[in-house]
Structures are given as C-alpha cells and as structure tokens.
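Residue strings, one per chain:
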Amino acid sequence: MRLLSCPRERARSPFRQSPTAVPAVVACLLAASLLAACGKRPKPDEGRKNIEIAIPVEVQPVARGPIESTLRTFATLEAEQEVKVFARTANRVVVLHVEEGDEVAQDAVLLELDDTNQRVALARAENSLTKARQELERLSALHAQNLISDQVFHDTQFEVRGLELALADARRELDHTVVRAPLAGTLTRRLVNLGDLVNVNQHLFDLVDFGSIVARIHIPEKNLTQVAVGQIARVTATALGDRSFPGVVRRIAPIVDARSGTVRLTVGFDDIGPLRPGMYVDVELILGSNPDAILLSKRALILDGDQTYAFRLDEGRRVRRIRIEARASDRFHVEPATGFADGDFVVIAGQTGLKDGALVRLPDDPEPAQEPQEKSAGLSAAKR
C-alpha cells in the first residue's frame, strides 16, 4: 500500500529548503572564506624598517687667522674749523678775488669794497689831529711860562688824545673795506656778487678747513675701558663705496651722557682724501686684535632668542648644536671662546630648523638608496 505525505509535513522536513534559501547560504560561506584568507595575508608595511632621512646641508672648515675686535657705529663728518665771514663796514663790492672751491691762505684778500667814504673820513681825522697837535705845542710853550692855566693845557691834551682815537677808527674802517680770510681753508659758499651793496654784519662767505674734519661718535659706556687716545679706527663713506680711510681717536669726552649711557669720541684724520663735511660714514673702532684666532664664518651663526648658536659636524654625519660666546668679531668672522678647533666643520647652509644630533648629508654624499618595491603580484594581491 502506497503512503502519501501531506504538504504540511513536507514543509517541516529538515532536509528540504526553499529555493531562495540556498543562494544565501552559499554567499555567506564565500564571504567567510575570503575574510579568513585576508586575515592570513601579511600587511604591506609589516617588516619594513623606519628609515631616518638625512638633511642636506653645506659645511665649511674652521681655520685660524687674524681677527680684530671692533665696534661699529656711524657719524656725520664735520669740520672743527669752519667760519662764516661777515662784512664789518658798508659799501659796494668793487673787486671779487675768490670763487667757491678756491683754497685760500690765512689773511688772503677775498673781496674789496668801495673805500671812497672811508678815505675821506680818514683824511678828515688826520687833518683834525694835525691841527690839534700844533695847538698843543703852542699851549705847551705858554704853559711852561705860566701864561695859561693847567686846566686849559690838560684839556688840550685830552682833545689831542681823542682825535688820535678817531684817526685809529678811520683807519680801521678803511681796513674793513678789504675782506680777508680769518683762517686757511676752502671757500665752500659765496653769498655776494660783484657790485652788490654790502651792509654791516652781512654774511659774505663760508670758509672751511678740510684738514680739521672729524667724526664724532658715541660708544656704550661699557666699552670705555677699551678705548684710548691714539686708538685706530677705520672709516668708510657710503658715497665712496668700500674704500676705507684710517682715522685716530683724538679726544674722549670726560663724562658719560646720562640719558643715552654713551661716551662721545672725536675721530680725526691725517689724510682726508675725498672725505668732505656732511658725509654720512660708518666708523669701525678697533678695540683689540688676535693674529692667530679660530675663525668662524658668520654664515654659520643662528639666533635663538638672545643667544647665538652654530652646528658642528661630528662623526657619523651627526651635528652638534653649540652656543657661541664671541671673544672678537669683525665683518665676516667671529672668534668663539670654546667648542671649536682646527679641522672642525660647521654648517653654513641648511641649518634652519636643524636639531641637535640630527643626521645630515653633504653635497658630495651619494643620493640615499631607494626603498625596494614590492613585487607587482604581491602588491596587486594586497590591493585586492
């Protein structure tokens, strides 16, 4: 006898699934196998070492040589012997002997004024004095004979003395019509022309002795013990390029300016060359010198706050950060107190941001090796 199962019993059978349930199970099994396979594959960065990057820098050897400890400041040149020539009498200019730029000796004639009035006044004074002297001689004879009183005789003497003074004034007025140089120097400005009517105390010329040119500088009071009269200085003018002019300290002010804390020094010259009053100059005062000093290029210096440092190249292409205490300094070098010796190398380029103990690479060093690339198959598998 053949048995037939009902549809409800067939649905409950564990060995039969719906058509839609089979693909879902297969998908889950495939996903699980892929996750297991990926978990077993090594990561791309596993086993790769951390490589320190060498910073490219440029170095320079430390050497020995002469260096001077200097103090740099600035000034405007001025002439200590500079005068303004004024007219001391009034009249018209009839002769002009000099022009701007002329060098004149002391008492040289600069110009002449019309002296007609002064000569007339001089002749009048001479005539009056001659008459008074004759009268004094006559009264002197009478006074010897007691024919005139002492009062009359003494009054005549005083009158003669007054006329002598008037004659001296007239001669001086005549001398003032000839204007002379009060000192030897160069005529830097002429303020009068031929034919001008000149008044008393009118400004006529400016006269400068270029040999008296000086540079007045101010130095900090802490350097007062390092300077002395006769000390050497070098002067360079902005208008004359890099040409240097030797100067010497002529005077040192005996006091310190309380407001600025500086001391005034006067620097003079034995030979001014093309230097002229009014020029802006840089003054380099030599405080001391060392003929055999360790020279460190200023290109190696870096500032960190108020401190100065430099990087020294050590073994293994490592750099050491060293604080600089300068014994002396000039335009291009410093003499460090400690930390450097002959044959050392210092970093002069690329030190910005460099750290103490950092690994560096020099221009002549070979390029760093490239990291080995992974096999393309493995890389493709990792990406998948």
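This one's a predicted model, so the numbers in the text were calculated from it and none came from an experiment.

*Asks:* How would you explain unusual backbone geometry if you had to name every residue and give the values?
*Replies:* Apart from glycine, the bulk of residues carry a negative phi angle, and the bulk of peptide bonds sit in the trans form. A positive phi angle, close to 70 degrees, is found at Asp 107, a residue other than glycine. Exposure remark for Asp 107: the relative accessible area of 47% places this residue in the partly exposed category. The backbone phi angle of Arg 317 is positive, close to 60 degrees, even though this residue is not glycine. By the secondary structure assignment, Arg 317 is in the loop between strand E19 (307–313) and strand E20 (319–323).

*Asks:* Which residues make up helix H3 (residues 116–144), and what are the values?
*Replies:* In a regular helix each residue adds 1.5 Å, so 29 residues correspond to 42 Å; H3 covers 42 Å between its end C-alpha atoms and thus fits that length. Backbone geometry just after H3 places Asn 146 at a positive phi near 60 degrees.

*Asks:* Let's hear about the side chain of Gln 351: which residues, and what values?
*Replies:* Tracing the sequence through the fold places Gln 351 in the loop between strand E23 (345–349) and strand E24 (360–361). Every residue in contact with Gln 351, bar those within four places of it in the chain, is listed here: Arg 299, Ala 300, Leu 301, Ile 302 and Phe 311.

*Asks:* Before we move on, could you go through the sheet that holds strand E8 (residues 109–113) and cite the residues and values that matter?
*Replies:* Read from one edge of the open sheet, 4 strands run E9-E8-E6-E11, paired in antiparallel fashion. This sheet does not close on itself; its edge strands, each paired only once, are strand E9 (178–180) and strand E11 (197–198).

*Asks:* Which residues make up helix H4 (residues 150–176), and what are the values?
*Replies:* The first and last C-alpha atoms of H4 sit 40 Å apart over 27 residues, in line with the 39 Å expected at 1.5 Å per residue. Every buried residue belonging to H4 is among Phe 153, Thr 156, Val 160, Leu 163, Leu 167, Ala 170, Leu 174 and His 176, and all of these are buried. Packed against the buried residues of H4 are E8, H3 and E9.

*Asks:* Please give an account of the packing of aromatic side chains that cites residues and values.
*Replies:* Applying the stated criterion across every chain yields a total of 1 aromatic pair. Across the ring face of Tyr 309, the terminal group of Arg 321 is positioned such that the distance to the ring centre comes to 3.8 Å.

*Asks:* Mind laying out the nonpolar core, listing which residues take part and the relevant values?
*Replies:* A general tendency of soluble globular proteins is for nonpolar side chains to be buried together. With 28 residues, the main nonpolar core has Leu 77, Ile 219, Leu 265, Leu 275, Val 281 and Leu 285 as its most contacted residues. Those elements that provide at least two residues to this core are strand E3 (63–76), strand E13 (213–220), strand E14 (232–237), strand E15 (244–252), strand E16 (262–268) and strand E17 (280–297). The contacts of Leu 77, once residues within four sequence positions are left out, are Ile 213, Val 214, Ala 215, Phe 269, Leu 275, Arg 276, Pro 277, Gly 278, Met 279 and Val 281. Counting 17 residues, the second-largest nonpolar core is a separate cluster that includes Leu 113, Leu 183, Leu 204 and Phe 205.

The rules behind each value
- Residues numbered from 1 in each chain as written.
- Predicted model: local features only at pLDDT ≥ 70, side-chain atom pairs only at ≥ 80, totals over all residues.
- Heavy atoms only, no water.
- Buried < 20%, exposed > 50% of the residue type's maximum accessible area, 1.4 Å probe, protein only.
- Helix = DSSP H or I, 4+ residues; strand = E, 2+ residues; numbered from the N terminus.
- Expected span 1.5 Å × (residues − 1).
- Contact = heavy atoms within 4.5 Å.
- Pairing = 2+ DSSP bridges.
- Phe/Tyr/Trp six-rings, centres within 6.5 Å; stacked < 30°, edge-to-face > 60°.
- Lys NZ or Arg CZ within 6 Å of the ring centre and 35° of its normal.
- Core = buried A, V, L, I, M, F, W, Y, C linked by side-chain atoms within 4.5 Å.

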